[in-house]
Amino acid sequence: MNSYIEKDELEEVKQKLAEWAKELPKGYEPERKNLVSFTEKEFYTVAKRVMNLELQNKENAKLRLSDFLIGDILWYLMENKEVKAVLYVDESHEYDIKSNFCHIHGSGENRIIIVH
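This text gives an overview of the structure that appears in the document.

Rules and cut-offs
Residues numbered from 1 in each chain as written. Predicted model: local features only at pLDDT ≥ 70, side-chain atom pairs only at ≥ 80, totals over all residues. Heavy atoms only, no water. 1 Å grid on protein atoms, 1.4 Å probe; cavity = no way out; pocket = protein on both sides within 12 Å on 5 of 7 lines; lining within 4 Å. Points joined across faces, edges and corners; volume = space filled by probe spheres on them. Helix = DSSP H or I, 4+ residues; strand = E, 2+ residues; numbered from the N terminus. Nonpolar A, V, L, I, M, F, W, Y, C, P; charged D, E, K, R; others polar. Phe/Tyr/Trp six-rings, centres within 6.5 Å; stacked < 30°, edge-to-face > 60°. Buried < 20%, exposed > 50% of the residue type's maximum accessible area, 1.4 Å probe, protein only. Patch = residues over 30% accessible without salt bridge, like charges linked within 9 Å, V, L, I, M, F, W, Y side chains within 5 Å. Areas by Shrake-Rupley, 256 points an atom, 1.4 Å probe, with all protein chains shown as cover. Salt bridge = Lys/Arg side-chain N within 4 Å of Asp/Glu carboxyl O. Core = buried A, V, L, I, M, F, W, Y, C linked by side-chain atoms within 4.5 Å. Contact = heavy atoms within 4.5 Å.

Looking at the layout of surface pockets
Phase 1 of the analysis: Considered as a void within the structure, the largest pocket measures approximately 180 Å³ in volume.
Phase 2 of the analysis: Looking at the largest pocket, the residues that line it are Leu17, Trp20, Phe38, Glu42, Phe43, Val46, Ala47 and Val50.
Phase 3 of the analysis: Only α1 (10-23) and α2 (40-61) provide two or more residues apiece to the lining of the largest pocket.
Phase 4 of the analysis: If one sorts the elements of the lining of the largest pocket by residue count, α2 sits on top with 5 residues.
Phase 5 of the analysis: Partitioned by chemical class, the residues of the lining of the largest pocket number 7 nonpolar, no polar and 1 charged.

In structure tokens, the structure reads:
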């Protein structure tokens, strides 16, 4: 991410701002007025950062679940409180999990069991 915009990037940013302006509803007025003064260079730098974030979001949207490591997926689920618990059982252990809805028993394979 650029900390300051380069001269050769300025035209690209201006074109993107023009595209975004077309997406605003007619008669759009921002709810909050800017009370902080900033330079033109700082303004375009922030616009470039937003463009970079937009690009990252598009790239991430193309990823499939198989593109992520299992550890990363589990960490995400736990951080966002999407699961109650995650249990990892390696192949040398037998496991037996019972709930109101199912009974899972097994051994001989590495398993990740998610408690939702």
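Additional details are given in the paragraphs that follow.
Description of the packing of aromatic side chains
Phase 1 of the analysis: The final tally for this structure, using the stated rule, is 2 aromatic pairs.
Phase 2 of the analysis: Residues phenylalanine 38 and phenylalanine 43 carry aromatic rings whose centres are separated by 6.3 Å and whose planes lie at 10 degrees to one another, so their mutual orientation is stacked.
Phase 3 of the analysis: Seen from their ring centres, phenylalanine 43 and tyrosine 44 are 5.1 Å apart, and the 75 degrees between their planes marks the pair as edge-to-face.
Phase 4 of the analysis: Since its relative accessible area comes to 36%, phenylalanine 43 is described here as partly exposed.
Phase 5 of the analysis: Note on tyrosine 44: relative accessible area 13%, which makes it buried.
Phase 6 of the analysis: In textbook terms, an aromatic cluster arises when at least three aromatic residues are bridged by ring pairs, as seen for Phe38, Phe43 and Tyr44.

A short note on a nonpolar patch on the surface
Phase 1 of the analysis: Among the surface-exposed residues, Ile70, Tyr88, Ile112 and Ile114 lie close enough to one another that they form a single nonpolar patch of about 380 Å² accessible area.
Phase 2 of the analysis: For tyrosine 88, the position within the fold is in strand β1 (residues 85-89).

Observations regarding the pattern of salt bridges
Phase 1 of the analysis: The final tally for this structure, using the stated rule, is 5 salt bridges.
Phase 2 of the analysis: One salt bridge connects lysine 16 with glutamate 54, and the closest N-O pair in it is separated by 3.4 Å. Here the residue lysine 16 occupies a position in helix α1, and glutamate 54 occupies one in helix α2, the gap between them amounting to 38 residues.
Phase 3 of the analysis: Given a relative accessible area of 25%, glutamate 54 falls into the partly exposed group.

Structural notes on the nonpolar core
Phase 1 of the analysis: Listed in full, the 5 residues of the largest apolar core are Ile5, Val13, Tyr44, Ala47 and Met51.
Phase 2 of the analysis: For this core, the leading source of residues is α2, giving 3 residues.
Phase 3 of the analysis: Those residues in contact with isoleucine 5 that sit more than four places away from it in its chain are Leu10, Val13, Lys41, Tyr44, Thr45 and Lys48.

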